[in-house]
Amino acid sequence: MLSFRSIPLDNNHTHLTRHAERLISLGEMSAGLVHEFKNPITSLRGFIELIRAGVAYEEEYYQVIGDELNRMERLTHELLSFAKPQHQDWELMTINSICQDMAILFRQQLLTHKIHLNVDLTDNLHFLGNRCQIKQVFINLIKNAIEAIEEEGSIYITGIHDTRELHVTIKDTGPGIPHIQLSNIMEAFFTTKQSGTGLGLNMSKKIVEDHHGKLIATSKLNEGTMFTLSLPYPDIQTLGQIS
Ligand SMILES: Nc1ncnc2c1ncn2[C@@H]1O[C@H](COP(=O)(O)OP(=O)(O)OP(=O)(O)O)[C@@H](O)[C@H]1O
Ligand SMILES: [Mg+2]
């Protein structure tokens, strides 16, 4: 005869389960870290080559190199401290300044691929958040747009806000995403690229949600893809802190 009884989890078992959970989440975070390190490593190498070749904008490039190294340091710190995004790290900043950084960061790649970047933002699109992480989201979206266009095309970034939210769109003139794939693109490890990890959008979505926002994709085949990023717009009190 079969009989069932519940087996109480002893301390050791609970300890092991917690340990396993920590290892799983460390594994996930490491995969994310490796993904996010690929971008700065590529850009650092590119900028060092440019400086060596004696191109213009040298000062700006030193600044970007410094920023990217800081970003890598912060990413490592987040992994080692096992930290979820710390809200005390949040600062008030603008989407405008992030887009300026993006224009410098991607300048050479855009030129090489003959892609025009059009940025049309309302002044002072403030938001409250972790600058390093929101930059990661923009890098992932712009990198995907460039990879989709491949050669010759445009990327349009627009931004507006109302009293409650700000909305940024990043639109490309790439081939678009088949309807059947659209609902999967933000799943971890979904990729259609030979050397893609499929983590870029998944991490971006998580970051945006940690900022109490939303990331939505719309796409039309042979016309292009548009990502809409919505974030809470800071209240008047918070904005009043700007000196
Ligand atoms: N702008 C876009 N145009 C067309 N397809 C896109 C676009 N952005 C994302 N995709 C599709 O979504 C998939 C998942 O994107 P995601 O950024 O998560 O990973 P990936 O780009 O494939 O890999 P990785 O980010 O590691 O380089 C892509 O492989 C691609 O099929
Ligand atoms: Mg990607």
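Shown above is the structure to which this text applies.
Residues numbered from 1 in each chain as written. Chains lettered and ligands numbered in written order. Predicted model: local features only at pLDDT ≥ 70, side-chain atom pairs only at ≥ 80, totals over all residues. Heavy atoms only, no water.

## Considerations on the side chain of Ser43
Inference 1: Examined against the element boundaries, Ser43 turns out to sit in helix 1 (residues 11-52).
Inference 2: Classification of Ser43 as buried rests on a relative accessible area of 15%. (Helix = DSSP H or I, 4+ residues; strand = E, 2+ residues; numbered from the N terminus. Buried < 20%, exposed > 50% of the residue type's maximum accessible area, 1.4 Å probe, protein only.)

## Details of the packing of helix 3 (residues 95-105) against helix 5 (residues 131-149)
Inference 1: Closest axis-to-axis distance for the helix 3/helix 5 pair is 10 Å, and the angle between their directions is 50°. Accordingly, the angle class assigned to the pair helix 3 and helix 5 is oblique. As for how helix 3 packs across helix 5, the hand of that crossing is right-handed. Listed contacts from helix 5 to Ile95, Ser97, Ile98, Cys99, Asp101, Met102 and Leu105 of helix 3 are Arg131, Ile134, Lys135, Phe138, Ile139 and Ile142.
Inference 2: Split by residue class, the contact of helix 3 with helix 5 holds 9 nonpolar, 1 polar and 3 charged. (Axes fitted to C-alpha atoms, helices over the stretch in contact; angles between N-to-C directions. Parallel < 35°, antiparallel > 145°, perpendicular 65-115°, else oblique. Left-handed = near helix turned anticlockwise from the far one by under 90°. Contact = heavy atoms within 4.5 Å. Nonpolar A, V, L, I, M, F, W, Y, C, P; charged D, E, K, R; others polar.)

## Remarks on helix 5
Inference 1: Its 19 residues give helix 5 an end-to-end C-alpha distance of 27 Å, which sits within 8% of 27 Å, the value for a rise of 1.5 Å per residue.
Inference 2: Within helix 5, 14 of the 19 residues are buried, leaving the element largely enclosed by the surrounding structure.
Inference 3: The backbone nitrogen of Cys132 lies 3.0 Å from a side-chain oxygen of the residue at the head of helix 5, namely Asn130.
Inference 4: Note on helix 5: the residue one or two positions beyond its end, Glu150, has a positive phi of about 65°. (Expected span 1.5 Å × (residues − 1). Polar contact = N/O pair within 3.5 Å; in protein donor to acceptor, adjacent residues only side chain to side chain.)

## Some words on the sheet that holds strand 7 (residues 224-232)
What holds strands together in a sheet is hydrogen bonding between their backbones, with the strands either parallel or antiparallel.
Inference 1: What the 5 strands build is an open sheet, ordered 2-4-5-7-6; its pairing is mixed. Whereas interior strands pair on both sides, the edge strands pair on one side only; in this sheet they are strand 2 (115-121) and strand 6 (214-220). Taken pair by pair, the neighbouring strands of this sheet meet at an average axis angle of 15°, ignoring direction.
Inference 2: As paired elements, strand 5 (residues 165-172) and strand 7 share 7 bridges and run antiparallel to each other. Within strand 7, the position partnered with Val168 by the bridge is Leu229.
Inference 3: In this fold helix 3 packs onto strand 2, strand 4 (153-161) and strand 5, with an angle of close to 165° to the strand it touches most, strand 2. (Pairing = 2+ DSSP bridges.)

## Concerning the site of ligand 1
Inference 1: By nearness alone, 19 residues border ligand 1, and Asp172, Thr191, Thr192, Lys193 and Thr197 come closest of all.
Inference 2: Interatomic distance of 3.2 Å between a side-chain N/O atom of Lys143 and an oxygen atom of ligand 1.
Inference 3: One nitrogen or oxygen atom from the side chain of Thr191 is found 2.5 Å from an oxygen atom belonging to ligand 1.
Inference 4: In the complex, the protein chains occlude 95% of the 600 Å² of accessible area that ligand 1 would expose alone.
Inference 5: Those elements that place two or more of their residues in the shell around ligand 1 are helix 5, helix 7 (200-210) and strand 7.
Inference 6: No other element matches the 3 residues that helix 5 contributes to the shell around ligand 1. (Near = heavy atom within 4 Å. Areas by Shrake-Rupley, 256 points an atom, 1.4 Å probe, with all protein chains shown as cover.)

## Considering the packing of aromatic side chains
Inference 1: Following the criterion strictly, the structure yields 2 aromatic pairs and no others.
Inference 2: Measuring from centroid to centroid gives 4.7 Å for Phe47 and Tyr61, while their planes differ by 35°, and the two rings are tilted. Linking Phe47 in helix 1 with Tyr61 in helix 2 (residues 58-80), this pair joins segments that are 14 residues apart in sequence.
Inference 3: Accessibility expressed as a relative area gives 3% for Phe47, which makes it buried. (Phe/Tyr/Trp six-rings, centres within 6.5 Å; stacked < 30°, edge-to-face > 60°.)

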